[in-house]
Amino acid sequence: MDSLFVMLIFVLVLAIFLGFELINKVPSTLHTPLMSGANAISGITIVGALLSSGSDGGVWTTFLGTAAVFFATVNVVGGYLVTNRMLRMFKKK
Amino acid sequence: MDIFQSEIFANMSYIVASMLFIFGLKQLGSPETAQRGNLISASGMFLAVLVTLINSQIISYEWLAAGLILGVIVGASAASLVKMTSMPELVALFNGFGGIASLLVGSAEYLGASSLGLISLTAIFLTLIIGGVTFSGSLVAYGKLSEILPGRQITFLGQRIVLIAFFLLSLVLGAQLIFGFELFQVWNPIYSFSFLILLALIIGLLITLPIGGADMPVIIALLNSYSGLAASAAGFVINNNVLIVAGALVGASGLILTNIMCKAMNRSLANVVFGSIGSASSGVRSDEDVGEVKPINVSDAYLILEAANSVLVVPGYGMAVSQAQHAVRELGELLEDNGCEVNYAIHPVAGRMPGHMNVLLAEANVSYDQLQEPEDVNPVMDTVDVCIVIGANDVVNPDAKDNEGSPIYGMPIIEADRSKTVFILKRSMAAGFAGIDNPLFGKENSRMLFGDAKESISSLVAEFKS
């Protein structure tokens, strides 16, 4: 086990606990926007996609990386816009 | 520009991006701050992408730019053109795209890297499995929500056994991928790699196809969680903190939602995924009739509503089907002008995704402080003059409280039967999704208003206006 891996696991575990704390007690009114907003965040995989697509890893890496960039970008851009559109509707009189 | 391309600058920026995600998610938890929270989270994403683009590892921009531009066009047009009522399926589709992106990142890394350690290979295995399941599962969810696929459960004999067999097979192939031992004489790890992707996609189908309409909220929340876990696994593939943190946050939030949905149905996750409530429940109440149902017409319903001081609306999937939300809001406003207090009681699993009814009513301009949860309305139910149940069935079924033999016994419900009068808007006497009788319909204080929900509500509105 190298120490980088241990560090990453450490980060993962803390982030999961943080996630539980953050989301607990969200009113059910916001469940759909919360899901769609969280979904947009999961598009963070775009960072990995960009690195694969632009590096010189060979034809396959570029091809798969570019496809990944496309899907992740749709996820990110669409996800944030849809969430914003939904949240704009939530109004109090 | 050396400093901007350095590892330390990139990592510092990723930490800031993670903080923005955390702040953003925190603020998404309250209606007042949610819109700002979403913007904060989006700015974190923008920062992460920007920093990655100037990374020194990136040497060519043509392909990457093509993917980015096409993605922005497709994502932005889908998000702004889609009708509000099609929101659930669009969210499911985007979720699937996140999953396939993580799968592709894992694949690109597997095919591109010259030598991979055990940890990277394990992480790649996880991105393939979780990403693949998320992708095909979300596509099925998309199909069911948009009614391209039938909403009912799609099952075949031995489905569970096939699912378990495929899962075990994927573990064997995964072990071969990771440790590279000789499986057969000619078996190359690249075969395992390809078969794993195929298996993951099939497993995703096998998990979601048997899920019936009423259980969709659970599975959608679960797939949401998976897309986060897939991103986290991709973070281990490329040793990147921001992927791990952001993915874990999403994974955790999805799990919490899944748990809330399961609790709202008083079922375990395993029961939702592996059990099928419809087949288990047939004939449970066959010896006992719900009693005589009493129909009511629009003019009589109007007279009762006109005299009411407090009205509670309980929407269900039927409201979404007949698109009655705007008419419902109009009726609510007329009732309020008439000096009546109007509230909306929304069960967590009403509709096809978490928060489905809330989004529909928000779209129709209903103030969000009128949208209440079962535990808020049940204690004051005795003071409600009229409860209007629109296309909801199982979430108001009193059997959940007092019939131990009922398959939904123990599920928390909205106790509409305790209000002074219950109007039930329904197309016909067909049973609800779970296929079980609802004794609410036969209660002394229940009145059935048959017909399309939107038409019935519109007629009530017309009565008020005349």
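A. Just the pairing of strand β1 (residues 310-315) of chain B, in detail. All names here are of chain B. Within β1, six of the six residues are buried, leaving the element largely enclosed by the surrounding structure. With burial as the criterion, each face of β1 is covered, one bearing S310, L312 and V314 and the other bearing V311, V313 and P315. Looking at chain direction, β1 and strand β2 (residues 341-345) are connected through four bridges and run parallel. Paired with V313 across the strands is Y344, a residue of β2. Summarising the sheet, β1 and strand β4 (residues 386-390) pair through five bridges and their orientation is parallel. Paired with P315 across the two strands is I390, which belongs to β4.

B. Structural context of the interface of chain A and chain B. Listed per partner, the contact involves 80 residues of chain A and 105 residues of chain B. In total, about 8,100 Å² of surface goes out of reach between chain A and chain B, with carbon and sulfur atoms giving 76% of it. Counting only elements with at least two residues in the side of chain A that touches chain B, the list comes to α1 (3-23), α2 (31-42), α3 (46-54) and α4 (59-89) of chain A. By residue class, the composition of the side of chain A that touches chain B is 45 nonpolar, 28 polar and seven charged.

C. The nonpolar core, seen in detail. Ranked by size, the top nonpolar core spans 180 residues in total, and within it I44(A), L50(A), F21(B), L305(B), V311(B), I388(B) and I390(B) carry the most contacts. Among the elements that line this core, the one with the most residues is helix α5 (residues 87-112) of chain B, at 14 residues.

D. Layout of the pairing of β4(B). Residue and element names in this part refer to chain B. Of all five residues in β4, five are buried, a share of seventy percent or more. Neither face of β4 is exposed, since V386, I388 and I390 on one face and C387 and V389 on the opposite face are all buried. Relative to strand β5 (residues 421-426), β4 is paired through five bridges, and the arrangement is parallel. Following the sheet pairing, V389 is matched in β5 by I424.

E. Looking closely at the state of the cysteines. With the rule as written, the count across this model stands at zero disulfides over all chains. Unpaired in this structure, C340(B) has its nearest cysteine sulfur neighbour in C387(B), at a distance of 12 Å.

F. Looking closely at the packing of α1(A) against helix α10 (residues 241-264) of chain B. In contact at an axis separation of 7 Å, α1(A) and α10(B) are set at 40 degrees when each is read in the N-to-C sense. Taken together, α1(A) and α10(B) sit at an angle that is classed as oblique. Two packed elements cross with a definite hand, and for α1(A) against α10(B) that hand is right-handed. Contacts between α1(A) and α10(B) involve L8(A), V11(A), L12(A), A15(A), I16(A), L18(A), G19(A), F20(A), L22(A) and I23(A) from the former and N241(B), I244(B), V245(B), A248(B), L249(B), A252(B), S253(B), L255(B) and I256(B) from the latter. Its residues placed into classes, the contact of α1(A) with α10(B) shows 16 nonpolar, three polar and no charged.

G. Structural detail: the domain arrangement of chain B. All names here are of chain B. Taken domain by domain, chain B holds domain 1 (1-81), domain 2 (83-274) and domain 3 (282-465). Domain 2 and domain 3 are separated by 36 Å when their C-alpha centres are compared. Domain 2 puts 19 residues into the contact, and the matching count from domain 3 is 18 residues. Taking both sides of the interface into account, the surface hidden between domain 2 and domain 3 amounts to around 1,600 Å²; carbon and sulfur atoms contribute 75%. For domain 2, the biggest contributors to the area lost against domain 3 are T85, P217 and A264; these three give 28% of the whole. Where domain 2 touches domain 3, the interface holds zero salt bridges. The interface formed by domain 2 and domain 3 includes three residue pairs in polar contact (both at pLDDT 80 or more). At the level of secondary structure, the elements contributing two or more residues to the side of domain 2 that touches domain 3 comprise α5, α9 (216-237) and α10.

Analysis parameters
Residues numbered from 1 in each chain as written. Chains lettered and ligands numbered in written order. Predicted model: local features only at pLDDT ≥ 70, side-chain atom pairs only at ≥ 80, totals over all residues. Heavy atoms only, no water. Buried < 20%, exposed > 50% of the residue type's maximum accessible area, 1.4 Å probe, protein only. Helix = DSSP H or I, 4+ residues; strand = E, 2+ residues; numbered from the N terminus. Pairing = 2+ DSSP bridges. Contact = heavy atoms within 4.5 Å. Buried area = accessible area lost by both parts, 1.4 Å probe. Nonpolar A, V, L, I, M, F, W, Y, C, P; charged D, E, K, R; others polar. Core = buried A, V, L, I, M, F, W, Y, C linked by side-chain atoms within 4.5 Å. Disulfide = S-S within 2.5 Å. Axes fitted to C-alpha atoms, helices over the stretch in contact; angles between N-to-C directions. Parallel < 35°, antiparallel > 145°, perpendicular 65-115°, else oblique. Left-handed = near helix turned anticlockwise from the far one by under 90°. Domains from an automatic or database assignment. Salt bridge = Lys/Arg side-chain N within 4 Å of Asp/Glu carboxyl O. Polar contact = N/O pair within 3.5 Å; in protein donor to acceptor, adjacent residues only side chain to side chain.

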